[in-house]
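Listed below are the residues making up each chain.
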Amino acid sequence: MSAYSSDPDLKVTDATGNGVEVDVATNLLNGTVRLSVLWTQEIHLHPDDAERVAQSLLRAAEHGRHIAEAGECPTV
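Counting restarts for each chain, with residues numbered from 1 along the sequence as it is written. In keeping with the model being predicted, local features are shown solely for residues with a pLDDT of at least 70 and side-chain atom pairs are shown and tallied solely at 80 or more, while totals for entire chains, interfaces and linings include all residues. Side-chain descriptors were evaluated using all non-hydrogen atoms of the structure, hydrogens and water having been removed beforehand.

A.B. asks: Teacher, can you tell me more about the side chain of Thr 26 here?
C.D. replies: To qualify as a helix, a DSSP run of H or I must reach at least 4 residues; to qualify as a strand, a run of E must reach at least 2; elements of each kind are numbered from the N terminus. By the element assignment, Thr 26 lies in strand β2 (residues 21–27). A relative accessible area of 4% places Thr 26 in the buried class. Throughout, a residue-residue contact means that at least one pair of heavy atoms, one from each residue, lies within 4.5 Å. Those residues in contact with Thr 26 that sit more than four places away from it in its chain are Ala 3, Tyr 4, Ser 5, Gly 31, Thr 32, Ala 60, His 63, Gly 64 and Ile 67. Partly exposed residues are those whose accessible area sits between 20% and 50% of the maximum for their type, while under 20% is buried and over 50% is exposed, using a 1.4 Å probe and protein chains only.

A.B. asks: I keep staring at the sheet that holds β2 and nothing clicks. Help me out?
C.D. replies: Strand pairing in a sheet relies on backbone hydrogen bonds, with the paired strands running either antiparallel or parallel. With antiparallel pairing, three strands are arranged side by side in an open sheet as β1-β2-β3. Each edge of the open sheet is held by one strand with a lone partner, namely β1 (4–6) and β3 (33–38). Each neighbouring strand pair of the sheet contributes to a mean axis angle of 35 degrees, computed without reference to strand direction. Strand pairing requires that DSSP identify at least two bridges connecting the strands. Relative to β3, β2 is paired through six bridges, and the arrangement is antiparallel. Paired with Val 22 across the bridge in β3 is Val 37. What counts as an axis is a line fitted to C-alpha atoms, over the stretch in contact for a helix, and the angles between N-to-C directions run from 0 to 180 degrees. Across the sheet, helix α1 (residues 47–70) is in contact with β2 and β3; its angle to β2 comes to roughly 15 degrees.

A.B. asks: Would you take a moment to explain the pattern of salt bridges for this structure?
C.D. replies: Oppositely charged side chains are able to pair whenever their charged atoms sit close together. By convention in these notes, a salt bridge is any Lys or Arg side-chain nitrogen within 4 Å of a carboxyl oxygen on Asp or Glu. Inspection of the entire model under this criterion finds four salt bridges. Between Arg 59 and Asp 7 there is a salt bridge, and its shortest N-O distance comes to 2.6 Å. Highlighted residues: Arg 59 in helix α1 and Asp 7 in the loop between β1 and β2, separated in sequence by 52 residues. The partner of Asp 49 in a salt bridge is Arg 52, and the shortest N-O contact between them spans 3.1 Å. Linking Asp 49 with Arg 52, this pair stays in helix α1, spanning three residues, or about one helical turn.

Nothing here speaks to function; it is geometry throughout.
As structure tokens, then:
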């Protein structure tokens with residue numbers, strides 16, 4: 001079982017169509033946020049997708065704060 005919980009609402013792939021994906025996940029043990037670009041080192045995003053990634057990061061940051069403040073792993 002992974003300690004990370006990915007944002008299920010984030011479905012963003014590279015604007016060039018090469019299949020590269022973005023993943024935003026929160027560590028359920030300590031509240032840290034992981035931003036991953038899968039299958040490469042960079043990604044090109046359409047403006048709307050860039051905004052969706054930013055919103056996902058904001059949601060993960062808020063979730064991470066709650067986890068860190070509680071000092072415990074929430075039930076998933």
